[in-house]
Amino acid sequence: MVLSEQELSVVVARLAAEISADYHGRDLVVVGVLRGSVIFVADLIRRLTVPVRLDFVALSSYGDRVSSSGEVRLHKDLEESVEDRHLLIVEDIVDTGLTLRYLLTSMQTRGAASVKSCALLDKPSRREVDTRVDYVGKVVPDEFLVGYGLDYAQRYRNLPYVGVLRRELCES
Ligand code: 5GP
């Protein structure tokens, strides 16, 4: 087990307190990265004490495999303009950093007032591009994780905890 239900709730509360303090007096646009961040975003925004707007993007990720394709494609764009707004990109996990770097660049070129990032999980040992993650829930080793939004071939997202997928299941 990487994060139990109880640990998740402590981590999310800590992140929400940090973010709420940092954005005190400002409105925030939370940009969730579909689909993996959905459960994390839902829990996180309910603990934020600043005014929040919620939007989503969808990008290509691992598909049904357990290693990255190295390619990022935008499948679903934001619904609202981000011009002059303070954005917080929320990811389930930062691995190579390619997705986050793509999003940070894309949001900055759209004239956002500020762009920061938050990830429930961070796998720094896998980083391929230098990407800043401003708020990290937990640093994790290089293992394939599922649960609390994270999938393997679209399964296990509904597990209430984050766990390591057993190798036999990846290969079956
Ligand atoms: P990056 O662009 O940083 O390499 O990849 C980010 C995306 O890869 C995440 O949003 C997630 O969808 C996927 N990913 C990376 N590591 C894992 C993992 O351990 N488990 C699962 N289920 N997805 C992962």
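Residues numbered from 1 in each chain as written. Predicted model: local features only at pLDDT ≥ 70, side-chain atom pairs only at ≥ 80, totals over all residues. Heavy atoms only, no water.

## Description of the pattern of salt bridges
Under the defined criterion, the tally for this structure stands at 11 salt bridges. A salt bridge links K123 to D95; the nearest nitrogen and oxygen atoms lie 3.8 Å apart. Here K123 is found in the loop between β5 (114-122) and β6 (135-139), whereas its partner D95 is found in the loop between β4 (86-94) and α3 (98-109), with 28 residues between them in sequence. Within this structure, D95, K123, R126 and D142 form a network of salt bridges that share partners. (Salt bridge = Lys/Arg side-chain N within 4 Å of Asp/Glu carboxyl O. Helix = DSSP H or I, 4+ residues; strand = E, 2+ residues; numbered from the N terminus.)

## Describing the site of the ligand
Looking at the ligand, there are 17 residues lining it, with D92, T96, T99, L145 and D151 nearest. In the environment of the ligand, an oxygen atom lies 3.0 Å from a nitrogen or oxygen atom belonging to the side chain of E91. Within the backbone of D151, one N or O atom sits 2.7 Å away from a nitrogen atom of the ligand. In isolation the ligand exposes 510 Å². Once the protein is present, 94% of that is buried. Taken together, the elements giving at least two residues each to the shell around the ligand come down to β4 and α3. (Near = heavy atom within 4 Å. Polar contact = N/O pair within 3.5 Å; in protein donor to acceptor, adjacent residues only side chain to side chain. Areas by Shrake-Rupley, 256 points an atom, 1.4 Å probe, with all protein chains shown as cover.)

## Section: the environment of L88
Within the secondary structure layout, L88 lies in strand β4. Residue class for L88 comes out buried when judged on its relative accessible area of 0%. For L88, the residues in contact, after removing those within four places along its chain, are I19, Y23, L28, V29, V30, V31, K116, S117, C118 and Y135. (Buried < 20%, exposed > 50% of the residue type's maximum accessible area, 1.4 Å probe, protein only. Contact = heavy atoms within 4.5 Å.)

## A word on the packing of helix α1 (residues 5-22) against helix α2 (residues 38-45)
A packed helix pair is summarised by two numbers, namely the angle formed by the two axes and the spacing between the axes. Running from N to C, α1 and α2 cross one another at 60 degrees; their axes reach a closest spacing of 9 Å. When the axis of α1 is compared with that of α2, the two are oblique. In this structure, α1 crosses over α2, and the sense of that crossing is right-handed. Listed contacts from α2 to V12, L15, A16 and I19 of α1 are F40, D43 and L44. In terms of residue class, the contact of α1 with α2 is made up of six nonpolar, no polar and one charged. (Axes fitted to C-alpha atoms, helices over the stretch in contact; angles between N-to-C directions. Parallel < 35°, antiparallel > 145°, perpendicular 65-115°, else oblique. Left-handed = near helix turned anticlockwise from the far one by under 90°. Nonpolar A, V, L, I, M, F, W, Y, C, P; charged D, E, K, R; others polar.)

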